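The residues making up each chain are set out below.
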Amino acid sequence: MKIGQSYEGTIKRQIYSAEEIAAAIERLAGRIAADFTGQPLLLLGVLKGALYVVTDLARAIALVPDGPSEIVVDYLCVSSYGNATRTSGEVRLLKDTTATVTGKNVVIVEDIVDNGLTLEYLSALLAERGPARLASCVLFDKPYHRRVDVALNYVGLRCPDEFVVGYGLDYQELFRNLPYLAQLQPWVFRVE
Ligand code: 5GP
């Protein structure tokens, strides 16, 4: 896949293609749809990183026969403190859900899980509100530096132990709209 001028020379290697990501989303959708057959479902995307995961996942679930009886998509927005390529676990809630969580079947949809602290924070926050069921779905799993043993119910693809960008994941707000997952050239991190 050829990329545009703005990303020219910045990509070291492609890790997962757009097609591989689409296939993973379809597999996740099938599993979630089967687990919530005939029941209402609230998909909660964690912005900004999960913006594509949750929209693609919601549409893929809609195409599964015998899936949930209804699907509501909502978002919350968090920012994590840390350095440019690793979070510290100090999570700040920037935008809460609009939908009520109490009594609902909720699936938290995350882009990537690394040390696990962001998902742990969100799971605790939402569990306090008394959902009927609370599950987590993550597209990319980086299991190498977990600091907490957070439960992942639906996992898409294993991610190498690298800082990655694309398909919603950014480096300093750039690269989110790359349609594939990629590793950046080292020089990108040295440019201010
Ligand atoms: P955790 O709290 O599990 O360490 O990290 C979760 C969040 O850190 C993700 O939602 C994402 O925003 C960010 N993150 C973790 N690993 C990566 C990575 O390789 N690339 C990018 N762009 N963000 C990451």
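Each remark here, short or long, concerns the structure printed above.
Described in the following lines is the structure provided in the data block. Source: prediction; values computed, not measured.

## With respect to the overall build of the chain
Now for step 1: In terms of helices and strands, the chain carries four helices and nine strands.
Now for step 2: Secondary structure elements in the chain, listed N-terminal to C-terminal, are β-α-β-α-β-β-β-α-β-β-β-β-α.
Now for step 3: Here the C-alpha atoms of the chain give a radius of gyration of 17 Å, agreeing with the 16 Å that 2.2 N^0.38 yields for 192 residues.
Now for step 4: The C-alpha extent of the chain, read off along each of the three principal axes, is 50 × 35 × 30 Å.
Now for step 5: Within the chain, the fraction of its 192 residues that count as buried is 45%.
Now for step 6: For the chain, contacts bridging at least 24 residues in sequence account for 69% of all contacts bridging at least 6.

## Things to note about the site of the ligand
Now for step 1: The environment of the ligand is made up of 16 residues, and the closest members are Asn 115, Thr 118, Lys 142, Val 164 and Asp 170.
Now for step 2: At 2.7 Å, a backbone N or O of Asp 170 approaches a nitrogen atom of the ligand.
Now for step 3: Of all the elements in the fold, those that place two or more residues in the shell around the ligand are β5 (105-113) and α3 (117-127).
Now for step 4: With four residues, β5 is the largest single contributor of residues to the shell around the ligand.

## Re the packing of helix α1 (residues 18-35) against helix α2 (residues 51-62)
Now for step 1: With their axes 9 Å apart at the nearest point, α1 and α2 run at an angle of 60° to one another. Compared by their axis directions, α1 and α2 come out oblique. Relative to α2, the crossing made by α1 is right-handed. Residue-level contacts link Ile 25, Leu 28, Ala 29, Ile 32 and Ala 33 of α1 to Val 53, Asp 56, Leu 57, Ala 60 and Ile 61 of α2.

## Points about the environment of Ser 80
Now for step 1: Looking at where Ser 80 falls in the secondary structure, it is placed in strand β3 (residues 70-83).
Now for step 2: Taking relative accessible area as the criterion, Ser 80 reaches 29% and is therefore assigned partly exposed.
Now for step 3: It is 16 Å that separates the C-alpha atoms of Ser 80 and Gly 45, two residues lying 35 residues apart in sequence.

## Section: the packing of aromatic side chains
Now for step 1: Scanning all chains against the criterion turns up six aromatic pairs.
Now for step 2: Look at Tyr 16 and Phe 140: their rings are 6.2 Å apart centre to centre, the planes differ by 15°, and that puts the pair in the stacked class. Taken together, the positions of Tyr 16 in strand β1 (residues 11-16) and Phe 140 in strand β6 (residues 133-141) put the pair 124 residues apart, joining distant regions of the chain.
Now for step 3: You can call Phe 140 buried: its relative accessible area is 1%.
Now for step 4: Consider the rings of Tyr 171 and Phe 189, whose centres lie 4.8 Å apart with planes at 70°: the pair is edge-to-face.

## Brief notes about α2
Now for step 1: Between its terminal C-alpha atoms α2 stretches 17 Å, which fits the 16 Å expected from twelve residues at 1.5 Å a residue.
Now for step 2: Those residues of α2 that sit buried are Val 53, Val 54, Leu 57, Ala 58, Ala 60 and Ile 61. In an axial view of α2, the angular spread of the buried residues amounts to 165°, which keeps them on one side of the axis. In α2, those exposed residues whose orientation departs by more than 90 degrees from the buried face are Arg 59 and Ala 62.

## Focus: the layout of surface pockets
Now for step 1: Space inside the second largest pocket adds up to approximately 170 Å³.
Now for step 2: What lines the second largest pocket is Ser 6, Tyr 7, Thr 10, Tyr 171, Gln 172, Leu 174, Phe 175, Trp 187, Val 188 and Val 191.
Now for step 3: Grouping the amino acids of the lining of the second largest pocket by side-chain chemistry returns seven nonpolar, three polar and no charged.

How each quantity is defined
- Position numbers for residues start from 1 in each chain and track the written sequence from start to end.
- Given that the model is predicted, a residue must reach a pLDDT of at least 70 before its local features are reported, and side-chain atom pairs must reach 80 or more before they are shown or counted; all residues, however, enter totals for whole chains, interfaces and linings.
- The side-chain quantities take in all heavy atoms of the structure and omit both hydrogens and water.
- Only DSSP runs of H or I reaching four residues or more are called helices, and only runs of E reaching two or more are called strands; each is numbered from the N terminus.
- Both definitions apply: the radius of gyration is a C-alpha atom measure, and the globule rule equals 2.2 Å times residues to the power 0.38.
- Accessibility here uses a 1.4 Å probe with only protein chains present; expressed as a share of the type maximum, an area under 20% marks a residue as buried, one over 50% as exposed, and anything in between as partly exposed.
- Contacts are residue-level and defined by heavy atoms, with any inter-residue pair within 4.5 Å sufficient.
- One heavy atom within 4 Å of a molecule or strand is enough for the residue carrying it to be called near that molecule or strand.
- In protein, a polar contact means a hydrogen-donor-capable atom and an acceptor-capable atom, both N or O and within 3.5 Å, with residues adjacent in sequence counting only if both atoms are side-chain atoms; elsewhere, any N or O pair within 3.5 Å suffices.
- Convention adopted: a line fitted to C-alpha atoms gives each axis, helices being fitted over their contacting stretch, and angles between N-to-C directions are expressed from 0 to 180 degrees.
- With respect to orientation, any angle under 35 degrees is reported as roughly parallel, any angle over 145 as roughly antiparallel, any angle of 65 to 115 as roughly perpendicular, and every other angle as oblique.
- Handedness of each helix crossing follows the sense of rotation of the near helix against the far helix: counterclockwise by less than a right angle gives left-handed, clockwise gives right-handed.
- For Phe, Tyr and Trp, rings pair up if their centres lie within 6.5 Å, where Trp contributes its six-membered ring, and each pair is then called stacked (planes under 30 degrees apart), edge-to-face (over 60) or tilted (otherwise).
- The span you would expect from a helix comes to 1.5 Å times its residue count less one.
- By definition, the arc is the one covered by directions from the helix axis to the C-beta atoms.
- Only protein atoms enter the 1 Å grid used here, on which a cavity is any set of points holding a 1.4 Å probe that cannot leave and a pocket is any open set flanked by protein within 12 Å on both sides along at least five of seven lines; residues with an atom within 4 Å of a point are listed as lining.
- Grid points are joined across faces, edges and corners, and a volume is the space filled by probe spheres set on the points.
- Classification used: nonpolar for Ala, Val, Leu, Ile, Met, Phe, Trp, Tyr, Cys and Pro, charged for Asp, Glu, Lys and Arg, polar for all others including Gly.

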